[in-house]
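Now for the letters of each chain:
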Amino acid sequence: MEGKIDEENKEKLGTDPNFHREIVWKNAIFFLLLHLVALYGLYLILTLQVKVLTIIWIAILIVTTGEGITMGAHRLYSHKSFKATPFLRFLLIIFQTMAGENCMYVWVRDHRQHHKFSDTDADPHNATRGFFFSHIGWLMSRKHPLVKEKGKSIDMSDLEADPLVMWQKRHYKSLYFIAAFIVPVFLPVWAWKENVWTSTFTAFALRYALVLNFTWLVNSAAHLWGNRPFDRNILPAENPYVSWITGGEGWHNYHHAFPWDYKTSEFGARFNCTRFFIESLRTKGFAYDLRSASEEMIERRCRRTGDSTLFSTQMGG
Ligand SMILES: [Zn+2]
Ligand SMILES: [Zn+2]
C-alpha cells in the first residue's frame, strides 16, 4: 500500500529540468574550506606528522559518529526498524551530534521526505538531478519550493513527543560546537599533548568530511549505480562499494522496498556491520523488537516489481 502511494506521488511530481537553482554561498564556501582543510589533514597523516593515538581516536570517531547516523538517525529514528532503551537512544543522539549532520529532527524529516517523494523535486536530494546535486549540491542551494511545501506533510509526531530529540533541536548550535568540534579536537590535546592545529585538521576536519561523504554516497552513488532486484522502477540500487564504506547502507534498492527492515538488506547481506552491532545490542538487551521482512514478502515483491533476470541469483544468494 505504501509503495502504491509513493508511485502515485512520483507520477504527479517528477523533476522539472528547467528549474534554476540558487546557490547558498555561505554553505558552498564552508564545504569548500572544510574539504581543503581535510585534505591538509590527510597530508599530515600520510607524512607521519600525527600521533598514533590521534589516529586511533579518529578511527573511533568515524565508527561511533557513523553509527550515530546509520543506527541512530537512519534505522532507529527515521524508520523505527527497532526499539532502543533510553540509554542507547541517549548514546546514539550524542554520536549523531558529534557527526554534525544537523539535529536529529531535521535529519529524520529530510530522510522521511526522501523516501516519500524519492527522486522527484520534493525529494531534498533528488538523484534525478545527478551525482553532484544528490551528493553535496543540495546542501549548498536553496530548497526547491516543492521540498518546502511537501516537507509540511511529513509526520514527525513521534519525534515531537521525544523530549531528548526536542532538547537537542532547541540547543543544537551549542551542542554541535561542543560535540562535533571541542571534544574531538581537545581530547587529544589534553590527553596526549597533540598539537592543537594538527588535531583540528585531522580529528575535526578530516574525520568530519569523511563521515559526511560516506553518508552522502548513499544519496548519490547508491541512487545511480548498481542493480535493482527488488524494484526495477526506482533509482535506488544495490551498491556493495557504498555498503562497504557505510557499514551496510548501500543495499539501497532493498532499503527503498522495505525501509522498516533493521538490516536494510536481504538476509543481512555482506558488509553490514550496523546489522551486527544492532544484533549484538539485542543480546545485551539494549535493542529489541527488531523488524524484518520475511522471505515470502521479499519473493512476492521481487515477482511484482523486481528484475526477473536478477531474481534467481538474488534468491539463491
Ligand atoms: Zn535513498
Ligand atoms: Zn532510509
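Note that the coordinates shown come from a computational prediction; the quantities given were computed from them, not determined experimentally.

Asks: Looking at this model, I keep getting lost on the nonpolar core. Mind explaining?
Replies: Burial of nonpolar side chains together is a common tendency in soluble globular proteins. Formed by 31 residues in total, the largest nonpolar core has its most connected members in Tyr77, Phe82, Met104, Leu159 and Val165. Split by domain, this core shows at least three residues from each of two domains, domain 1 (21-219) and domain 2 (229-317). Setting aside its immediate chain neighbours within four residues, leucine 159 contacts Tyr77, Met104, Tyr105, Val108, Arg112, Val165 and Met166. Counting 26 residues, the second-largest nonpolar core is a separate cluster that includes Met98, Phe201, Ala205 and Leu212.

Asks: It is not clear to me how the coordination of the zinc ion (ligand 2) should be interpreted in this structure. Could you clarify?
Replies: Each pair of donors in an ideal octahedron of six around a metal sits at 90 or 180 degrees, and each pair in an ideal tetrahedron of four sits at 109.5 degrees. The zinc ion (ligand 2) binds to the protein through His74 (NE2), His79 (NE2), His111 (NE2), His115 (NE2) and His255 (NE2); the donor distances cover 2.0 to 2.2 Å. Along the chain, the residues donating to the zinc ion (ligand 2) fall in the pattern H-x4-H-x31-H-x3-H-x139-H. Here the zinc ion (ligand 2) and the zinc ion (ligand 1) are spaced 5.9 Å apart. Placement of the pair is histidine 74 in helix H3 (residues 52-78) and histidine 115 in helix H5 (residues 104-116), with a sequence separation of 41 residues.

Asks: Is there a simple way to think about unusual backbone geometry in this case?
Replies: Across the chain, the bulk of peptide bonds are trans and the bulk of non-glycine residues have phi less than zero. Even without being glycine, leucine 48 reaches a positive phi, approximately 55 degrees. Looking at where leucine 48 falls in the secondary structure, it is placed in the loop between helix H2 (25-46) and H3. Despite not being glycine, lysine 193 has its phi angle at roughly 55 degrees, a positive value. Checked against the element boundaries, lysine 193 lands in the loop between helix H10 (172-192) and helix H11 (196-219). By relative accessible area, lysine 193 is classed as exposed at 63%.

Asks: What is the right way to read the environment of phenylalanine 201 from this model?
Replies: One can find phenylalanine 201 in helix H11. C-alpha of phenylalanine 201 to C-alpha of leucine 44: the two residues are 157 residues apart in sequence and 8.4 Å apart in space. Those residues in contact with phenylalanine 201, other than ones at most four positions away along the chain, are Val37, Ala38, Tyr40, Gly41, Leu44 and Leu206.

Each value, and the rule that gives it
Residues numbered from 1 in each chain as written. Chains lettered and ligands numbered in written order. Predicted model: local features only at pLDDT ≥ 70, side-chain atom pairs only at ≥ 80, totals over all residues. Heavy atoms only, no water. Core = buried A, V, L, I, M, F, W, Y, C linked by side-chain atoms within 4.5 Å. Buried < 20%, exposed > 50% of the residue type's maximum accessible area, 1.4 Å probe, protein only. Domains from an automatic or database assignment. Contact = heavy atoms within 4.5 Å. Donors = N, O, S within 2.8 Å, 3.2 Å for Na, K, Ca; no water. Helix = DSSP H or I, 4+ residues; strand = E, 2+ residues; numbered from the N terminus.

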